[in-house]
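Spelled out, the chains give:
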Amino acid sequence: MIAPIAMCVALAAVSSAAAASAVLELHEAEPPEPAATVERRPDQLPGSHVARGSANIAAAWLAGPTSRYDHAVLGDGIEASQLAVETRGGGMLVHTLPATRVFEDLAPRLADLDGDGEDEILVVETDAARGASLAVYAVAGDGIARKAMTPFLGQSYRWLNPLGVGDFDGDGRLDIALVATPHIGGRLRLYRYTAPTLTRFAEIGGVSTHAIGSRELGLGRVVPYTDRDRFLLPDQSHRALRLLEWTPDGIREMAHVALPSAIETSLEPTGNDRWRFRTRAGRYLEVRVH
Ligand SMILES: [Ca+2]
Ligand SMILES: [Ca+2]
């Protein structure tokens, strides 16, 4: 589906002087096929997605739409008051937040963070007075229980965008990456999960994975890599993509590529080392990591 063209040479670019071991290349890409019918659940948050799991959780989604927190950073002033789970055995579980909280998110994310064979659920939980945090929930008995959460960002209308999970420090255990305040000086933050705590172990600025009002939350992705998984995400202007890696001396940039116009859509995987996206100029591009 990808059209290699002469322009790819002009677009191709490259990388940091400090690290010659990685390169980001841009290629022209075909538009994606029209999306299949989207699965919907009763009382599901408008504009949100159902997450499907392969372990103890069959599906998880955000429910109980409410207008009680009017940040509207995700396209409307409607957020979720409930997290719903369908278990592998067909059971239905619902966790309802107190009136001062919402799930300021568009889908839960499922990952077995602690390797016990059962998925944890990652979701953005926002306090009306203290802003967003990243919370980890899990099925516990007949319900859904919160296992850990980051500190709230500190004030209303401060949001964070989860980036993904991977082994970023190479110790064999999954870690969590998110971008705090992506609209006002975004910061990539890395956490280790040991219930009941999430411990931040690295941070770097100059990144952003979201535009205010957009439902596209996947502008940044985890890039699987041999020793330590890496990060591919836009800079603060959205006019360049950066490939970052954690090191014992801090997070460093492995490669960098300028974009002809700002990235507008989520990075959609088209292979193990490549992702497609659309720019604000309406052009489809594929970025490849080498
Ligand atoms: Ca687990
Ligand atoms: Ca790790």
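The shown structure was predicted, so the numbers you read here are calculated from the model rather than taken from an experiment.

J.: Provide a residue-level description of the confidence of the model for the protein, including the pertinent values.
T.: Mean pLDDT over the protein works out to 93, with 93% of the residues at or above the 70 mark. Of the regions scoring below 50 in pLDDT, residues 1-10 engages in 12 contacts with residues more than four places distant in sequence or in other chains. Here residues 12-20 is a poorly scored stretch, pLDDT under 50, and it has 19 contacts once near neighbours within four places are set aside; other chains count.

J.: Can you explain unusual backbone geometry? Please cite residues and give values.
T.: Looking along the chain, the bond that leaves A195 and enters P196 is cis, with omega of 10 degrees. In this fold, P196 is placed in the loop between strand 13 (187-194) and strand 14 (197-205). One non-glycine residue, D43, lies in the positive phi region at around 70 degrees. As for its placement among the helices and strands, D43 is situated in the loop between strand 1 (24-28) and strand 2 (51-52). Of note, the phi angle at A72 is positive, near 55 degrees, even though the residue is not glycine. Residue position: A72 is located in the loop between strand 3 (57-66) and strand 4 (79-87). Of the residues examined, A72 has 14 C-beta atoms within 10 Å and is grouped as partly exposed.

J.: Outline the environment of L190, listing residues and values.
T.: Along the chain, L190 falls in strand 13. Once the C-alpha coordinates of L190 and E30 are considered, the two residues, 160 residues apart in sequence, prove to be 34 Å apart. With residues up to four places along the chain from it excluded, the contact list for L190 reads F168, D175, A177, R200, F201, A202 and W246.

The rules behind these values
- Residues numbered from 1 in each chain as written.
- Chains lettered and ligands numbered in written order.
- Predicted model: local features only at pLDDT ≥ 70, side-chain atom pairs only at ≥ 80, totals over all residues.
- pLDDT = per-residue confidence, 0-100.
- Contact = placed C-beta atoms within 7 Å.
- Helix = DSSP H or I, 4+ residues; strand = E, 2+ residues; numbered from the N terminus.
- Buried ≥ 20, exposed ≤ 12 C-beta atoms within 10 Å, placed from the backbone.

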